Amino acid sequence: GSVNLYHDNVLTLSTQNGGIDVYDNDTTTFVELNTSGGIAGYLHGLNNSEMSLLDREGHYFIRGTKDGATDLYYDNGLKFQTKSDGVKLYQGHFYADDSSQIRLGSGQDLKLYHDGTDSHVNNYTGTSYIQAANNLILQNTSGDKYIRAIENAQTELYYDNEKMFQTNQDGAEF
């Protein structure tokens, strides 16, 4: 195999046949990852402020910005990004296996999970609030209502999707 190494006359380190090539043009550095099957991908540095891992076609896997975001990609589409105030999920869903928990609070006292059969929201401290801008409706996935709370008006209780009880301005009616 060959080894090339220059500095002022540009080409800076090169090996072939299952090795690496390093290129630099004062603002960008590429580390080309070669295998016997061809180029596997690139490690890319830009202006002392960005590092990326790319596939052989130049599509991102990971891109990190100095003092900024780290981006994760799937099939060259941004999926997950760190931000100064947290993280952001793009173009997709958050998946977790059964019994995996989302835990919130410094004491991890709010838990959200699915155990394979049932879904759970557990609050181990304080009061739990469910708030809506207008009306609040609790129903099953088929649309059958359990409770319907109408803003500045009645609250209705249902049995088998049939209204059985309703509050009104004078009290309640069955």
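Placed above this text is the structure.
Source: prediction; values computed, not measured.

Digging into the overall build of the chain
For the chain, the count of helices and strands is zero helices and 18 strands. Counting all 174 residues of the chain, 17% fall into the buried class. If you take every contact in the chain between residues at least 6 apart in sequence, the share linking residues at least 24 apart comes to 0%.

Remarks on the sheet that holds strand S12 (residues 110-114)
Strands sit in the order S11-S12-S13 across an open sheet of three strands; the sheet is antiparallel. Both edges of this open sheet fall to strand S11 (101-104) and strand S13 (119-123), since each of them pairs with a single strand only. Averaged over all pairs of adjacent strands, the angle between their axes in this sheet comes to 10°, without regard to strand direction. Both S12 and S13 contribute to a ladder of five bridges, which runs antiparallel. When the sheet's bridge partners are listed, Leu112 is paired in S13 with Val121.

Cut-offs used in this document
- Residues numbered from 1 in each chain as written.
- Predicted model: local features only at pLDDT ≥ 70, side-chain atom pairs only at ≥ 80, totals over all residues.
- Heavy atoms only, no water.
- Helix = DSSP H or I, 4+ residues; strand = E, 2+ residues; numbered from the N terminus.
- Buried < 20%, exposed > 50% of the residue type's maximum accessible area, 1.4 Å probe, protein only.
- Contact = heavy atoms within 4.5 Å.
- Pairing = 2+ DSSP bridges.
- Axes fitted to C-alpha atoms, helices over the stretch in contact; angles between N-to-C directions.

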